[in-house]
Amino acid sequence: MKKLFLIALSIIISLSACNKMFLEPSPSQNAKAVFDQVYQDFRDYYALFEERNVNWTAIYNEFSPQINTNSSDEQLYQVLTQMLARLDDGHVGLTAPGREVFYANRFYREKLDYELFKPSVIKEKYLKNQFMESDGDEDYLYGLLPNNIIYIHFPNVGSNWQKLNEVIKQYPNNQGLIIDLRHNEGGDFTYAFAEIAQLNSQTKPVFRSRTKNGQGANDFTDWHTWQLEGKGNYTKKIKVLTDRFTISAGERAVMGLKVMNNVQLIGDLTNGSVSTMMSRELPNGWYIRLATQEVLNPEGNTYEGIGIPPHISVKNTLAELNQGKDAVLERAIQEFN
Amino acid sequence: MFHKPLLLLAWWLLSEFAIAQNFGDSDYKNSLTFAYGWHHQVSQDLLFSPRTYRGSALPNLQLQFQRDNENSRHRLQIGFNSFTTRSQEAFEYLDWRTLEKKKVLPSNFLTIDLNYSYLKKIKDGDKLRLFAGAGIENQIMANFYEFGYSSIFGYTALLGFNPMLQADYQLDSRQNLRLELATTLGGWLARSPYALNDDEYIENQQSHRTLKTLINFIGDGNFQTVNRVQKVRFALSYFREISPRFTLQGTYRWDLFKVTRPRPLTLLQYFVDLGISYRF
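This one's a predicted model, so the numbers in the text were calculated from it and none came from an experiment. (Residues numbered from 1 in each chain as written. Chains lettered and ligands numbered in written order. Predicted model: local features only at pLDDT ≥ 70, side-chain atom pairs only at ≥ 80, totals over all residues. Heavy atoms only, no water.)

A. Quick peek at the side chain of Asp95(B). Along the chain, Asp95(B) turns up in the loop between strand S5 (92-94) and strand S6 (101-103). For Asp95(B), a relative accessible area of 7% translates into the label buried. Other than its neighbours up to four places away in sequence, Asp95(B) contacts Glu100(A), Glu100(B) and Lys102(B). (Helix = DSSP H or I, 4+ residues; strand = E, 2+ residues; numbered from the N terminus. Buried < 20%, exposed > 50% of the residue type's maximum accessible area, 1.4 Å probe, protein only. Contact = heavy atoms within 4.5 Å.)

And the structure:
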């Protein structure tokens, strides 16, 4: 009995102590190793060097001399953010302890024109404080504008989009629809496509995409075509508002709406980050985000780094906004006349 | 395409279970066991991170039905674990919009196991009984990595074929020990794609229904042999009969799970369970 117990105990102790035998060696956490890992991760996963006209190895060679094994976290953070900024991509970012989440895209990085969208102005001046809104995962804001025009704002793309058709049914005598996608931070575009399809009468291709599937520069999946199904027939005018902070799945929702003949885009170019993204952890525990897909519109062109152009280009000014005027929304209302 | 392996699996499980029911020729051949314990996981998934995640699963549950015939043994096991894991101490970062301080949340790994095994007695000594057989081990893992501003989902599912050995050693009239060894020779493996969110992945989950998404994910897997997927299980159990119908048991179990593609995954799980069996 005692012998058996000792054998069992020794097996248990041996198995419990043998983690390292099966795991990959712990990665080195010094600044040089982390810097190199960022280079490798982007080399292996990032899909858009060509679209964004970036020679990644040349950038690595340029910044590499600034980092060595003894560099501090602060030095590493500065060099990495400068290096990633060269991609100017809204999907590229870095999260590090005690620091603001870093975006490589210039509009996000510098918060350029970020203050040119104020939901409070819309609520007070245009919806006369008669609106519905919700927080959390179901973010939306909607109400009725003068002349029975429905206004709905989605700050992201998720199950909140199910509100779109509910609201249209709620106002059966509506004269049209304004879908405000300014400051839409993205999410899962399939929610948006499912709802837009209820307005659309004819199935149409929206975009095609392919994803990195290996470490080689040309390792991609086959192209996949995403279509907007035709499951409804909303023939009234639809105005879609965009700005430089309409990004990712928000942009894909714009692309989905854009294929409908009764849709007009009003506002500024979108961000120009239409890919999908992934995140990875670095050896030192910081996190990077990067884009892994190429996306082409039905004409075979990319919006990556460019943005989706509006049919009518309008930008708010801070002075007007502070006086309670949203010029983009006013232009959209005007288009119903 | 993807329904076929699932239908085959369901058919096999049901038919084997039916056979098990028909074998009975005396009372108290069946037992139902409920177990709970300390479950710990060490994982390293290079799809997400080169770092090692460690953590325990306070919410966990193991249920087992076993039928012992004169020369064979059937066993059906269901297990659930929710591991809370970290690769480092949580740090704070500043939200981009509000500059509000936020803390990195722990990552969560959910595992669901559904295993069936059939063992044949190959040696029947005074104190030692040996069984050999095989089983199918089905493990579904959903990983929710919390990377500060981003949450990333990943999955791994293995429907594996396992040869298995069991040795029962009678300590006295009321106590015995059981040693179990099992290894996977291959099976149907489904796993997150190389870049996590490719078009196939997005298409698979666009119904936003958990079961349909799960079936789609599993359906997108393929058969892998032992060179690409390895799973080894070692379990040592102690049983003490406390009445003709009830038995207490303590089990130490060690699982190793390794996958090589699209990037290597290594998972080590340690279970220390206390359980009670009811015989009927």
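B. Broad picture of the sheet that holds strand S12 (residues 287-291) of chain A. All names here are of chain A. The antiparallel open sheet is built from four strands, whose spatial order is S2-S1-S12-S11. Two strands bound the open sheet, and with one partner strand each, they are strand S2 (102-103) and strand S11 (277-281). Summarising the sheet, S11 and S12 pair through five bridges and their orientation is antiparallel. Counted as the bridge partner of Ser279 is Arg289 from S12. Relative to the sheet, helix H3 (residues 31-45) contacts S11 and S12, its axis offset from that of S12 by approximately 25 degrees. Set on the sheet, helix H5 (residues 73-85) makes contact with strand S1 (93-95) and S2; between it and S1 the angle comes to about 160 degrees. (Pairing = 2+ DSSP bridges. Axes fitted to C-alpha atoms, helices over the stretch in contact; angles between N-to-C directions.)

C. Quick look at the packing of H3(A) against H5(A). Residues and elements named next belong to chain A. For the pair H3 and H5, the least separation of the axes is 10 Å and the interaxial angle reads 20 degrees. By the angle class used here, H3 and H5 are roughly parallel. Where H3 crosses over H5, the handedness of that crossing is right-handed. Mapping the contact onto sequence places Ala31, Val34, Phe35, Val38 and Phe42 in H3 and Leu76, Val79, Leu80, Met83 and Leu84 in H5. For the contact of H3 with H5, the residue count by class is ten nonpolar, no polar and no charged. (Parallel < 35°, antiparallel > 145°, perpendicular 65-115°, else oblique. Left-handed = near helix turned anticlockwise from the far one by under 90°. Nonpolar A, V, L, I, M, F, W, Y, C, P; charged D, E, K, R; others polar.)

D. Highlighting the nonpolar core. Ranked by internal contacts, the top residues of the largest apolar core, which has 60 residues, are Phe35(A), Phe42(A), Tyr46(A), Trp56(A), Leu84(A) and Leu94(A). For this core, the elements supplying multiple residues, two or more each, are H3, helix H4 (56-63), H5, S2, helix H6 (106-109) and S12 of chain A together with strand S8 (128-147) of chain B. Ignoring any residue separated from it by four or fewer positions in sequence, one finds Trp56(A) in contact with Val38(A), Tyr39(A), Phe42(A), Arg43(A), Phe49(A), Met83(A), Leu84(A) and Leu87(A). (Core = buried A, V, L, I, M, F, W, Y, C linked by side-chain atoms within 4.5 Å.)

E. The arrangement of the pairing of strand S2 (residues 53-56) of chain B in detail. Residues and elements named next belong to chain B. What you see with S2 is a clean split: Tyr53 and Gly55 sit on the buried side and Arg54 and Ser56 on the side with no burial. With four bridges connecting them, strand S1 (residues 30-45) and S2 associate as antiparallel partners. Each residue of the ladder has a partner; that of Gln41, found in S2, is Gly55.

F. How the structure looks around unusual backbone geometry. Cis geometry is found at the peptide bond from Arg261(B) to Pro262(B), where omega equals 0 degrees. Mapped onto the elements, Pro262(B) comes out in the loop between strand S14 (246-259) and strand S15 (265-279). We note that Asn53(A) has phi near 55 degrees; this positive angle belongs to a residue other than glycine. By secondary structure assignment, the location of Asn53(A) is in the loop between H3 and H4. On the basis of relative accessibility, which here comes to 72%, the residue Asn53(A) falls in the exposed class. For Asn129(A), which is not glycine, the phi torsion reads 60 degrees and is therefore positive. Within the secondary structure, Asn129(A) sits in the loop between helix H7 (119-126) and strand S3 (131-134).

G. Up close: the packing of aromatic side chains. Summed over the entire model, instances satisfying the criterion amount to 41 aromatic pairs over all chains. With 5.0 Å between their ring centres and 85 degrees between their planes, Phe189(A) and Trp226(A) make a pair best called edge-to-face. Taken as a pair, Phe189(A) in helix H9 (residues 189-196) and Trp226(A) in strand S8 (residues 224-228) lie far apart in primary sequence, 37 residues in all. The same class applies to Phe189(A) as to Trp226(A), namely buried. Three or more aromatic residues joined by ring pairs form one cluster here, namely Phe35(A), Tyr39(A), Phe42(A), Tyr46(A), Phe49(A), Trp56(A) and Tyr60(A). Over the ring of Tyr103(A) we find Arg289(A); its NZ or CZ atom is 4.8 Å from the centre of that ring. Against the face of Phe131(B) rests Arg73(B), its NZ or CZ located 4.1 Å from the ring centre. (Phe/Tyr/Trp six-rings, centres within 6.5 Å; stacked < 30°, edge-to-face > 60°. Lys NZ or Arg CZ within 6 Å of the ring centre and 35° of its normal.)

H. Representation of the interface of chain B and chain A. Contact residues are listed per partner, giving 52 residues for chain B and 59 residues for chain A. Surface buried jointly by chain B and chain A totals about 4,800 Å² across both partners, of which 60% is contributed by carbon and sulfur atoms. Considering only the surface of chain B that becomes buried against chain A, Trp96(B), Tyr194(B) and Asp199(B) emerge as the three largest contributors, covering 18% of it. Summed over the shared surface of chain B and chain A, the result is two salt bridges. Across the pair Glu185(A) and Arg97(B) runs a salt bridge, and its minimum N-O distance is 2.9 Å. Between the two partners, chain B and chain A, sit 30 residue pairs in polar contact (both at pLDDT 80 or more). A total of four residues in the side of chain B that touches chain A trace back to one element, the largest contributor, which is S14(B). (Buried area = accessible area lost by both parts, 1.4 Å probe. Salt bridge = Lys/Arg side-chain N within 4 Å of Asp/Glu carboxyl O. Polar contact = N/O pair within 3.5 Å; in protein donor to acceptor, adjacent residues only side chain to side chain.)

I. Seen up close, the sheet that holds S8(A). Residues and elements named next belong to chain A. The sheet built from three strands is open, its strands ordered S8-S7-S13 with antiparallel pairing. The open sheet has two edge strands with one neighbour each: S8 and strand S13 (293-296). Ignoring which end each strand starts from, the neighbouring axes of this sheet average 25 degrees apart. Relative to S8, strand S7 (residues 204-211) is paired through five bridges, and the arrangement is antiparallel. Looking across to S8, one finds that Lys204 is bridged to Leu228. Sheet strands in contact with helix H10 (residues 249-258) are S7, S8 and S13, and its direction is about 150 degrees off that of S7.

J. Representation of the pattern of salt bridges in the model. Residues and elements named next belong to chain B. Under the criterion given, the structure shown has 33 salt bridges over all chains. The closest approach of N and O atoms between Arg191 and Asp45, which form a salt bridge, is 2.8 Å. Placement of Arg191 in strand S11 (residues 186-191) and of Asp45 in strand S1 is noted, with a sequence separation of 146 residues between them. With relative accessibility at 10%, the residue Arg191 sits in the buried group. Lys102 serves as the salt-bridge partner of Asp95, at 3.5 Å between the closest nitrogen and oxygen. Here the salt bridges do not stand alone but share partners, grouping Asp68, Arg73, Arg129, Asp168 and Arg178 into one network.

Worth remembering: the numbers are spatial, not functional.
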